[in-house]
Amino acid sequence: MQIFGFFGSILGYLLWGLFFIFRNFGISIIFFTIVIRFIIFPFSIKQQKSMANTARLQKKQKEIREKYANNRQKANEEMQKLYQKEGVSPTGGCLTSIIPLFIMLGIFYAVAYPLTNTLHINGDTVNNATAFIKSLPGFSISGGGAAATYEQIALVKILTDSKELIAQLFTGGDVKNIEMFIGGFNFAGFNLLETPSAQGFWSPYLLIPVLCFVSSVAAQLVTMKVNGTGQSQQGCMKVMMIGLPLFSAYISYSIPAAVGFYWICSSVFSLIQSIIMGKFYGPTALIAKSEAQHVALLEQQEALVQYSYAPAGYSDNKTKKK
């Protein structure tokens with residue numbers, strides 16, 4: 001977890017810089033997600049190409065598996081020949097998918113730990129402040145298990161409601177930064193420090209987990225469509241496609257809205273990115289590009305062939321002279 005905290009601390013400087021400009025945490029998260037998407041875009045392109053190439057070969061792979069159904073070794077050999085012929089690596093997208101994953105987890109840690117990773121306040125100072133708040137009657141910060149992950153957001157909410165505690169718990173420039181920070185969590189009528197479950201099931205905050213679920217499913221459906229893998233999703237994969245977004249929606253219902261809002265932004269921009277990349281790097285686009293390259297190669301080869309020009313009647317005149 002420390003390595004993700006390290007990434008979160010680095011990305012927190014970007015989040016803090018955006019907050020310093022916009023003075024609103026919701027707007028900062030939106031632009032923060034856009035900037036990060038631009039940063040990881042080259043990795044996403046490589047991953048998309050790998051997925052599209054794999055999808056492009058699905059028909060040929062199926063034919064090989066059916067032809068050598070009783071000879072797995074021969075099927076594997078033919079698969080390797082197919083990959084070499086088509087210039088496709090079945091593991092080509094692994095590294096490019098791991099790097100963005102580390103970055104995205106770093107983003108989560110920047111959002112979930114705003115005091116240490118965004119404001120970069122000393123961890124011991126934050127822990128002491130949290131312990132002090134827990135010792136006060138009438139104040140509580142959820143602790144233990146997954147809830148401990150969001151203690152800093154809960155602490156920021158308490159400091160927002162009880163600003164006099166800031167000067168007691170923090171010193172120097174930290175006080176000024178926190179006072180500015182706690183005033184920027186209202187976005188589109190929502191307080192991003194609130195937890196949807198604490199507001200009641202039928203409160204407007206129910207939109208956070210609902211949108212979290214809808215955006216996640218939509219992003220997956222669009223990604224599968226542009227890669228041509230929708231028909232191949234069977235059994236447990238289809239269950240996971242719904243199960244994971246449902247689990248995310250459940251989690252976002254029971255944690256501060258700031259984290260759920262980040263998940264929504266991430267899913268929406270992932271959807272947009274999939275549409276854009278699918279247009280240029282989807283299976284259909286890659287097949288068209290491959291065919292165009294093949295035609296261009298044939299034209300180049302034909303251009304190298306030397307033709308002899310014989311005027312009309314050349315053979316007849318030559319025969320007459322003889």
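The model shown is predicted, which means the values in this text are computed figures rather than measured ones.

This part is about the overall build of the protein. Along the backbone of the protein there are 16 helices and 2 strands. For the protein, the proportion of its 322 residues judged to be buried stands at 40%. Just so you have it, the protein exposes about 19000 Å², and 61% of that area is on carbon and sulfur atoms.

Our focus in this paragraph is helix H11 (residues 173–181). Inspection of H11 places Val175, Ile178 and Phe181 among the buried residues, and these make up the whole buried set. Seen from one end, H11 has its buried residues packed into an arc of 130°, which puts them on one side.

Turning to the side chain of glutamine 273, a few remarks are in order. Tracing the backbone shows glutamine 273 in helix H14 (residues 257–281). Under the relative-accessibility criterion, glutamine 273 is labelled buried at 9%.

This next bit is on the packing of aromatic side chains. This model, assessed by the stated rule, comprises 16 aromatic pairs. Consider the rings of phenylalanine 108 and tyrosine 109, whose centres lie 5.8 Å apart with planes at 80°: the pair is edge-to-face. Here phenylalanine 108 and tyrosine 109 have matching classes, each one buried. Look at phenylalanine 181 and phenylalanine 185: their rings are 5.0 Å apart centre to centre, the planes differ by 85°, and that puts the pair in the edge-to-face class. For the residue pair phenylalanine 181 and phenylalanine 185, the accessibility class agrees, reading buried in each case. Linked through ring pairs, Trp16, Phe19, Phe20, Phe25, Phe181 and Phe185 together constitute an aromatic cluster. Above the plane of the ring of phenylalanine 20 lies arginine 23, whose end atom (NZ or CZ) is 4.9 Å from the centre.

Let's shift gears to the confidence of the model for the protein. Per-residue confidence for the protein gives a mean pLDDT of 77; residues scoring 70 or more make up 72%. Averaged pLDDT values over the elements of the protein bottom out at 51 in helix H16 (residues 314–321) and peak at 91 in strand S1 (residues 186–187).

Cut-offs and rules
- Residues numbered from 1 in each chain as written.
- Predicted model: local features only at pLDDT ≥ 70, side-chain atom pairs only at ≥ 80, totals over all residues.
- Heavy atoms only, no water.
- Helix = DSSP H or I, 4+ residues; strand = E, 2+ residues; numbered from the N terminus.
- Buried < 20%, exposed > 50% of the residue type's maximum accessible area, 1.4 Å probe, protein only.
- Areas by Shrake-Rupley, 256 points an atom, 1.4 Å probe, with all protein chains shown as cover.
- Arc of directions from axis to C-beta.
- Phe/Tyr/Trp six-rings, centres within 6.5 Å; stacked < 30°, edge-to-face > 60°.
- Lys NZ or Arg CZ within 6 Å of the ring centre and 35° of its normal.
- pLDDT = per-residue confidence, 0-100.

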